[in-house]
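# Observations on the model geometry
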Amino acid sequence: MADYSLEDKTLWLFDVDNTLILDVDHPTVFSDALNLWNRLLELEKTNAILTNVGRLSSRQIYNAVSGAGYSVDLDKTFSAGAAAAAYIANQQTGARCFVIGEGGAQEDFIVKGLDVTNNPPVDFVAIGADRGMTFAELNFATKMVKDGAGLICISGSRDYPGIYLGSEDVYIGERSIVAAIEDATGVEAVIVGKPLPEIFHATVELLGFSITDSVMVGDNPQSDIAGGRAAGMMTILVDRGKENIVPFDSGDLDKTPHMHVKSLDEIVKLF
Ligand SMILES: [Mg+2]
């Protein structure tokens, strides 16, 4: 394995699902990830979280990860919903937003000062995965987009594994819900989440670091690696078994990690 002088890297961004824990519905800890996390803290590095989960708020992700044993700060936990809220707030302060997403994304939007509403007029329609979504909500979202609202896809998974109302299953993700609205309106959504390089830049900047100080650690070549690489960060891919990897669109982005390990304990040994 090539030496990438990890000692110099001060900001370590971690993916959540299938990297730190199995997933937010099954918060079983990966011990190699916890070992690396704790070693980095001993070395006085900054650890932060950048997840594509769009149906839960940053606070809910923080609860799942800290509950699994990771010592993490809420203000260093970034969800796709928070990224989407920041993206919209940058375009229009206090924008009126109709949000689908199991309540989590709504919380991130309110924290950003956006006006979450179920009534017209609507400036932006933002869609996260939502297993309780109704036809009325989907139809209202479509009508608002037809009337000129911007369409935002919070992260971009077509499906993902989870537990809902006690049922262990694979569920339709936000990308597929948004596809119905795109089809009905002819409007193309902006997908906010990994691998969009701007998300990595914004997160690193918000934490007060530079891209060259930073490392992205994740299990998914299409989101964590493609996006981190495109942003100019060092990237570490950990093998968790292909069957657990949620598919994302990463187009022509380079999905080759700078380092590829079977276990994050291999990284611990390099310090
Ligand atoms: Mg993952």
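Along its length, the protein carries nine helices and 15 strands. Taken over the C-alpha trace, the protein has a radius of gyration of 18 Å; the compact-globule value for 271 residues is 18 Å, and the two agree within 12%. Dimensions of the protein along its principal axes, counting C-alpha atoms only, are 55 × 40 × 35 Å. A total of 271 residues make up the protein; the buried ones form 49% of that total.

Moving on to the nonpolar core. By size, the foremost hydrophobic cluster in this structure holds 77 residues, and its most contacted members are Ala84, Cys97, Val125, Ala126, Ile152 and Val192. It is helix 3 (residues 80–91) that provides the largest number of residues to this core, a total of eight residues. Per-domain counts for this core show at least three residues from each of domain 1 (6–52 + 194–268) and domain 2 (81–192). Apart from residues no more than four positions distant in its own chain, Cys97 is found in contact with Ile88, Phe109, Leu114, Asp115, Val116, Thr117, Val122, Asp123, Phe124 and Ala126.

Domains assigned within the protein are domain 1 (6–52 + 194–268) and domain 2 (81–192). Facing ten residues of domain 1, the contacting portion of domain 2 comprises twelve residues. Tallied by class, residues from the side of domain 1 that touches domain 2 come to six nonpolar, one polar and three charged.

Running from N to C, helix 3 and helix 4 (residues 104–111) point in directions that differ by 40°, and their axes come no closer than 8 Å. As summarised for this structure, helix 3 and helix 4 are arranged oblique, according to the angle between their axes. In the crossing of helix 3 with helix 4, the sense of the turn from one axis to the other is right-handed. Here Gly81, Ala82, Ala84 and Ala85 of helix 3 lie close against helix 4, whose contacting residues are Gly104, Ala105, Asp108 and Phe109. The residue inventory of the contact of helix 3 with helix 4, partitioned by class, reads five nonpolar, two polar and one charged.

The next subject is the sheet that holds strand 5 (residues 77–78). Pairing within the open sheet is parallel, and its six strands lie in the order 5-4-1-13-14-15. Edge positions in the open sheet fall to strand 5 and strand 15 (259–261), since each of these has one partner strand only. Inspection of the sheet shows strand 4 (residues 46–50) paired to strand 5 by two bridges, in the parallel sense. Bridged to Ile49 within strand 5 is Thr77. On the sheet, helix 8 (residues 221–231) packs against strand 13 (214–218) and strand 14 (234–238) and is oriented at approximately 165° with respect to strand 14.

Residue Pro121 follows Pro120 across a cis peptide bond; omega there is 0°. Positionally, Pro121 belongs in the loop between strand 7 (115–116) and strand 8 (124–127). Along the chain, Lys194 connects to Pro195 via a cis peptide bond; the corresponding omega equals 10°. Positive phi, close to 70°, is recorded for Ser155, a residue that is not glycine. Judged by the 32 C-beta atoms lying within 10 Å of it, Ser155 falls in the buried class. A positive phi angle, close to 45°, is found at Leu165, a residue other than glycine. Mapped onto the elements, Leu165 comes out in the loop between strand 10 (159–164) and strand 11 (167–172).

Our next topic: the environment of Asp252. In this structure, Asp252 sits in the loop between strand 14 and strand 15. Along the backbone, Asp252 and Ala226 are 26 residues apart, and their C-alpha atoms lie at a distance of 9.0 Å.

The subject of this paragraph is the sheet that holds strand 8. Strand pairing in a sheet is mediated by backbone hydrogen bonds. Such pairs are either parallel or antiparallel. Strand order in the open sheet made by the five strands is 7-6-8-9-12, with parallel pairing throughout. Looking at strand neighbours, the two that pair on one side only are strand 7 and strand 12 (190–192), the edges of this open sheet. Relative to strand 12, strand 9 (residues 150–154) is paired through three bridges, and the arrangement is parallel. Bridging across to strand 12, Cys153 finds its partner in Ile191. Strands strand 6 (96–100), strand 7, strand 8 and strand 9 of the sheet are contacted by helix 4, whose axis makes an angle of about 160° with strand 6.

The rules behind these values
- Residues numbered from 1 in each chain as written.
- Predicted model: local features only at pLDDT ≥ 70, side-chain atom pairs only at ≥ 80, totals over all residues.
- Helix = DSSP H or I, 4+ residues; strand = E, 2+ residues; numbered from the N terminus.
- Rg over C-alpha atoms; globule rule 2.2 N^0.38 Å.
- Buried ≥ 20, exposed ≤ 12 C-beta atoms within 10 Å, placed from the backbone.
- Core = buried A, V, L, I, M, F, W, Y, C linked by C-beta atoms within 7 Å.
- Domains from an automatic or database assignment.
- Contact = placed C-beta atoms within 7 Å.
- Nonpolar A, V, L, I, M, F, W, Y, C, P; charged D, E, K, R; others polar.
- Axes fitted to C-alpha atoms, helices over the stretch in contact; angles between N-to-C directions.
- Parallel < 35°, antiparallel > 145°, perpendicular 65-115°, else oblique.
- Left-handed = near helix turned anticlockwise from the far one by under 90°.
- Pairing = 2+ DSSP bridges.

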